[in-house]
Amino acid sequence: MKLSKQDAQRFIQQPNIQFAAILLYGPDAMRVALQRQALVKAVVGPNAEEEMRFSRMTGAELRSDPARLQDALRARGFFPGPRAVLLEEATDGLGPVLKEALEAASPDDAFLIVTAGQLTPRGALRKLFEPAKNAYAYAIYDDPPDRRDIERMIARAGLPPLSREAFGDIETLAQSLDPGDFEQFLNKLSLYAQGVPEVSEEDVAAVAPVSTEADSDEVVSAVASGQTGRLPVLMSKMTAQGVTPISLLLAVTRHFRQLHQAASAGGPPDDALGRLRPPVMGPRRRMMSEQLRRWSLPQLEAALETLIDIDLGLRSARNLPDTAFLERALVRIAMMTARRSAGR
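1. Thoughts on empty space enclosed by the protein
Turning to step 1, where the next piece is worked out: If you walk through the whole model with that rule in mind, you get one cavity of 30 Å³ or more.
Turning to step 2, where the next piece is worked out: Taken as a whole, the largest cavity encloses approximately 40 Å³ of empty space.
Turning to step 3, where the next piece is worked out: What lines the largest cavity is A20, L73, A101, L102, A105, D109, A110 and L112.
Turning to step 4, where the next piece is worked out: Of the residues assigned to the lining of the largest cavity, the class counts are seven nonpolar, no polar and one charged.

Right, dumping it as structure tokens:
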């Protein structure tokens with residue numbers, strides 16, 4: 001029986017193991033693994049392996065010993081509770097072995113969970129599981145999680161209530177992160193937000209992956225916000241901390257590329273920043289939104305050209321101290337928007 005995404009999620013939350021087996025398959029191994037992990041936990045609980053109610057094998061192991069599957073399905077442990085067998089990395093070549101297992105299945109057998117990669121519609125596994133009366137088949141595609149998926153993952157991670165802004169930022173992250181990275185992010189956020197009554201967008205931003213080095217953020221912000229007076233002090237601070245001019249230059253260049261990309265997209269600044277990959281969120285999005293209002297697209301293009309020239313200059317400079325050279329150049333860039341703001 002083929003399961004839709006919605007039916008599959010209900011099954012994973014409350015598995016009906018009166019059926020004999022389920023096939024989970026798809027092109028993304030991480031997505032398949034996350035669904036398999038959730039299903040195994042729902043069927044047999046967290047301690048099944050220690051209690052000898054859960055066993056696993058690979059497709060290669062089963063090919064070398066086809067009788068192993070039937071033995072595992074019928075094995076009895078010393079502890080009560082539901083039992084399951086996991087067969088990973090299955091291929092169409094195992095169709096006859098699995099067909100025999102489904103035909104011989106009895107209510108006393110362990111529940112069989114089979115995982116596979118991309119399968120063709122006419123392949124043996126899909127032809128076996130999709131029309132079966134006692135088995136399920138669930139195709140897992142590369143679609144990003146929808147709102148229901150995100151809410152389930154948030155609940156599974158044990159997060160406190162979220163503000164509207166925090167949930168919006170989490171939705172944005174879900175569209176850009178790999179499933180495993182997104183799951184890890186939610187677990188980190190859960191630990192970070194322990195004891196708070198509500199998760200804020202600042203909490204999300206504190207845990208979310210960032211695209212610039214934290215040590216360089218103050219310099220980047222000063223340049224993009226036209227704060228020329230702060231730059232000498234900040235540059236001295238960065239030098240004392242061991243941050244190299246090249247590292248600062250790369251951070252500033254990345255930031256201006258993001259501003260340019262958002263400005264080129266058009267529309268409201270907040271929407272444009274949310275469409276960037278990786279997305280910009282929380283307090284940093286507010287800061288960059290204000291910066292986008294300061295900079296015109298031609299100014300950003302001129303700033304990027306200057307940054308490229310600075311890069312070449314830093315790499316070829318012989319007599320100028322690198323930090324002083326970079327500081328003067330960044331002040332010139334900051335003055336672009338400072339002059340524009342003064343002329344409004």
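2. Side note on the layout of surface pockets
The gaps of empty space that remain are located by a probe, the size of a water molecule, rolled over the atoms.
Turning to step 1, where the next piece is worked out: As a volume, the largest pocket reaches approximately 1,100 Å³.
Turning to step 2, where the next piece is worked out: What lines the largest pocket is a set of 45 residues, and nearest its centre among them are L34, Q35, R36, A38 and R156.
Turning to step 3, where the next piece is worked out: Of all the elements in the fold, those that place two or more residues in the lining of the largest pocket are α1 (5-13), α2 (29-44), β2 (54-58), β5 (135-139), α7 (147-157) and α9 (179-192).
Turning to step 4, where the next piece is worked out: Ranked by the residues each element gives to the lining of the largest pocket, the list is headed by α2, at 10 residues.
Turning to step 5, where the next piece is worked out: Its residues placed into classes, the lining of the largest pocket shows 25 nonpolar, six polar and 14 charged.

3. Points about the nonpolar core
Turning to step 1, where the next piece is worked out: In this structure, V219, F256, L307, L330 and I333 are the most contacted members of the largest nonpolar core, which totals 37 residues.
Turning to step 2, where the next piece is worked out: Residue assignment for this core shows that the elements contributing at least two residues are α11 (217-224), α12 (231-240), α13 (245-265), α14 (269-274), α15 (282-294), α16 (297-316) and α17 (322-342).
Turning to step 3, where the next piece is worked out: By residue number, the principal contributor to this core is α17, which donates eight residues.
Turning to step 4, where the next piece is worked out: For L307, the contacting residues outside a window of four places in its chain are L249, V252, T253, F256, L330 and I333.

4. Some words on the sheet that holds β5
Turning to step 1, where the next piece is worked out: In space, the five strands of this open sheet follow the order β2-β3-β4-β1-β5, with parallel pairing throughout. Single-partner strands in this sheet number two, and they are β2 and β5. This sheet shows a mean twist of 15° between the axes of neighbouring strands, independent of strand direction.
Turning to step 2, where the next piece is worked out: With five bridges joining them, β2 and strand β3 (residues 84-90) adopt parallel strand pairing. Across the sheet, the residue bridging to S55 is V85, located in β3.

The rules we used
- Residues numbered from 1 in each chain as written.
- Predicted model: local features only at pLDDT ≥ 70, side-chain atom pairs only at ≥ 80, totals over all residues.
- Heavy atoms only, no water.
- 1 Å grid on protein atoms, 1.4 Å probe; cavity = no way out; pocket = protein on both sides within 12 Å on 5 of 7 lines; lining within 4 Å.
- Points joined across faces, edges and corners; volume = space filled by probe spheres on them.
- Nonpolar A, V, L, I, M, F, W, Y, C, P; charged D, E, K, R; others polar.
- Helix = DSSP H or I, 4+ residues; strand = E, 2+ residues; numbered from the N terminus.
- Core = buried A, V, L, I, M, F, W, Y, C linked by side-chain atoms within 4.5 Å.
- Buried < 20%, exposed > 50% of the residue type's maximum accessible area, 1.4 Å probe, protein only.
- Contact = heavy atoms within 4.5 Å.
- Pairing = 2+ DSSP bridges.
- Axes fitted to C-alpha atoms, helices over the stretch in contact; angles between N-to-C directions.

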